[in-house]
Amino acid sequence: MTLAAERTMFEITTPEGVPLQFPIASVGDRLAAFLIDCVIMGVVTLAFAVVAALAAFVNSSAVMALVNLAIFVLFAFYFTIFEIRWNGVTPGKRFAGIRVIDGSGRSLSSGAIFARNLTRKLEIVIPIAISLNADTFWPGAPSWAILGSLGWLLALLFLPLFNRNRQRAGDFIANTVVVRPPKVTLLRDLASRGESAEAPEYRYAMQPDQLDLYGIYELQTLEKVLRSSGSEQSTLNAIAEKILAKVGWSDRRVHTETFLHEVYAQLRRHLEQKMLFGQRQERKKEGRLDQKSDPTDR
Amino acid sequence: MSVELKSTQFRKEREETWRQLEELVLRIDKRGVRALDADELTRLPGLYRASVSALSVARAISLDRNLIEYLEGLCGRAYFHVYSNRRGFWSTVAEFLLSTFPNTLRRNKWFVLTATLFLVSGATTGFVMTTQDPDRYAMFVPTEMSQGRDTTSSREELLDVIYPESSVGEALSAFASMLFSNNSRVGMLCFALGIIPAIPVFYLLFFNGLLLGAFAALHHQHGLSLDLWGWLLPHGVTELFAIVLCGAGGLILGHGLVFPGRSTRRENLGRRGREAATLVLGAVCMLFIAALIEGFFRQLVHDMAIRYGLAIGTTLFWIYYFGFLGRARQPAEVRA
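What comes next is a walk through the structure. (Residues numbered from 1 in each chain as written. Chains lettered and ligands numbered in written order. Predicted model: local features only at pLDDT ≥ 70, side-chain atom pairs only at ≥ 80, totals over all residues. Heavy atoms only, no water.)

Remarks on the overall build of chain A
- Along its length, chain A carries 11 helices and 4 strands.
- In chain A, the proportion of contacts linking residues at least 24 apart, taken out of those at least 6 apart, comes to 71%.
- Accessible surface computed for chain A: about 15500 Å², of which carbon and sulfur atoms make up 62%. (Helix = DSSP H or I, 4+ residues; strand = E, 2+ residues; numbered from the N terminus. Contact = heavy atoms within 4.5 Å. Areas by Shrake-Rupley, 256 points an atom, 1.4 Å probe, with all protein chains shown as cover.)

Right, here's the structure in full:
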């Protein structure tokens, strides 16, 4: 069995009928979230233990009973309570930036949260307990049975690695997925020319046949390069030279930044217009234009 | 050349809405829904829907990758909050207890009956086998569970457990809470094991039945049957039925996994799993009641008539609860 290829996106359709995609949380993120939650539970248990010790000191069994109950509730329902109150998030998940969502795009119901957290014991506590001391579960069990059940439980534990949505057994039961919603900031529109809404005057105005050479992929790659602050001048120059060669302007000298921004703006207008007429050009065309002198050249 | 790009114009017209939504979402992310006042709360769905529709438009007309990614992220984060479960805690609890739980049980009555059958057949087997050969008692009942009662116990020792001498009120609450947490653990385990196609559930149910039967046989031999059932039934009706429900939950899971019907195994497990979880959650509540009865009532009340009275009372109550309560209301979740 090989690890299932990680599908990076999980798609739901909102009740408005709009598909939304979320990056699926990685196993590492989830493990980190789980460990943080464990630490929190451990600290709270410790606090309870201190209370219990004080109670034993004054010999109050009512307090002991409460502590016993509280520890039970903590361990059995920690995840359930937080995920219900915080809508799919626990303190650990919040720290790791991940959350539980309903697999079918409806709101996350309390029933689903309860169901997905019921199997935790089976997935984590029992494999550990069996490997430490099998006798408590099945006194006098033959070793093949212990090995078999241990293997089975380990398979459950590693289930997230073997399916594309990284779902645990509990996620299957409840039909939930853990995702990592991205935080994207809205940046300046590269094609916008500021507040002045006059007709744009391009220093390097290109012809339709030149713009036809490129597709959406190239446009968005150019966007990425222009938006990233870390782009080296030499990279920009190289890109500008490549474009110049392709569109048949290899003898022109240009101001790199202005040129690239103008290429972006013109190409986007061109491609968006084509899109409105139903033509989506995804990739660039092969080959290059012959040397041409542009009439608008100044 | 014409003026601005269509997608740029579009962005200029709508951007204000997105910024407002982003600000609200950011605050909810940080401090929860309570961070918004009533006015902002009423604006949230409108802003969300406007942004979602903007996302649809942007996907069709814009090639600005950052813009589309921003809107996808924004709509995604707002979606969690707009479609969150914002019903009050107590109304959820009431809905669960008065309608969802009994209705779910009625829908799955065959699983419940199957689980009951396994428990009863285990009990019968345990009773018959222990009656034939009392030494088998030790085989069925682990020492830590028998509270010192085994085949060597005299009639008086058995009676001592059934009618405890000193009822120290303080210790009882600790006893009750211990019973509750222990029973709930067993019940939830019973459910969780259902994902290993149901076989351990059969085993657990049967084994618990065996235990009960062996126990009954031990007391029967000393002529204490009536006293034992008086000791066991007041809480036992509730507790045994809760364990049966957990087992039924496990069976539902196993059944959903082995016989997925027309949907895929995964889909079916997702759907049936919630039903099963509902039963288990209800069973945990029942176990809590059982532990209260077991921890307080049984230790304090020794009169057999009252003990049987309570046993009959709880039986009637559960028959009414599962047979008739909430029939008129249909649970919302099942319809979808």
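Details of the environment of Lys-6 of chain B
- Mapped onto the elements of the fold, Lys-6 of chain B is located in helix α1 (residues 6-31).
- By relative accessible area, Lys-6 of chain B is classed as exposed at 57%.
- Along the sequence, Lys-6 of chain B and Ser-62 of chain B sit 56 residues apart, while their C-alpha atoms lie 8.2 Å from each other.
- With near-sequence residues (within four places) excluded, Lys-6 of chain B lies in contact with Leu-276 of chain A together with Ile-61 of chain B. (Buried < 20%, exposed > 50% of the residue type's maximum accessible area, 1.4 Å probe, protein only.)

Details of the nonpolar core
Residue and element names in this part refer to chain B.
- Counting residues in hydrophobic clusters, the biggest one holds 41 residues, and the most contacted among them are Phe-101, Leu-245, Met-286 and Phe-322.
- Ranked by the residues each element gives to this core, the list is headed by helix α10 (residues 225-258), at 10 residues.
- Membership of the second largest hydrophobic core comes to 35 residues, among which are Ala-54, Leu-67, Tyr-70 and Phe-80. (Core = buried A, V, L, I, M, F, W, Y, C linked by side-chain atoms within 4.5 Å.)

Here we look at the pairing of strand β1 (residues 9-13) of chain A
Residue and element names in this part refer to chain A.
- The alternating pattern of β1 places Phe-10 and Ile-12 on a buried face, while none of Met-9, Glu-11 and Thr-13, on the opposite face, is buried.
- Sheet topology note: the β1/strand β2 (residues 19-23) ladder contains 5 bridges and is antiparallel. Bridge pairing in β2 places Phe-10 opposite Phe-22.
- Counting the residues that bridge the hairpin from β1 to β2 gives 5 residues, and of these Gly-17 lies at a positive phi of roughly 85°. (Pairing = 2+ DSSP bridges.)

Considering helix α1 (residues 27-58) of chain A
- Its 32 residues place the ends of α1 of chain A 46 Å apart at the C-alpha level, agreeing with the 46 Å of an ideal helix rising 1.5 Å per residue.
- If you check which residues of α1 of chain A are buried, you get Asp-29, Arg-30, Ala-33, Asp-37, Met-41, Thr-45, Ala-52 and Ala-55 of chain A. (Expected span 1.5 Å × (residues − 1).)

Things to note about unusual backbone geometry
Residues and elements named next belong to chain A.
- In this structure, Asn-87 is a non-glycine residue whose phi angle is positive, near 60°.
- Looking at where Asn-87 falls in the secondary structure, it is placed in the loop between α2 (61-85) and α3 (91-96).
- With relative accessibility at 13%, the residue Asn-87 sits in the buried group.
- The phi angle at Asn-175 is positive, at roughly 55°, despite the residue not being glycine.
- With respect to the element layout, Asn-175 can be found in the loop between α7 (169-174) and β4 (176-179).
- We classify Asn-175 as partly exposed; its relative accessible area is 29%.

Describing the packing of aromatic side chains
- Scanning all chains against the criterion turns up 20 aromatic pairs over all chains.
- With centroids separated by 5.3 Å and ring planes inclined at 85°, the aromatic side chains of Phe-101 of chain B and Phe-322 of chain B adopt a geometry described as edge-to-face. Separated by 221 residues along the polypeptide, Phe-101 of chain B in helix α4 (residues 89-107) and Phe-322 of chain B in helix α12 (residues 304-324) bring together distant segments of the chain.
- Assessed through its relative accessible area of 7%, Phe-322 of chain B is described here as buried.
- Ring pairs connect the aromatic residues Phe-96, Phe-101, Phe-241, Phe-317, Trp-318, Tyr-321 and Phe-322 of chain B, which therefore count as one cluster.
- Cation over ring: Arg-94 of chain A sits above Trp-86 of chain A, and NZ or CZ is 5.7 Å from the ring centre. (Phe/Tyr/Trp six-rings, centres within 6.5 Å; stacked < 30°, edge-to-face > 60°. Lys NZ or Arg CZ within 6 Å of the ring centre and 35° of its normal.)

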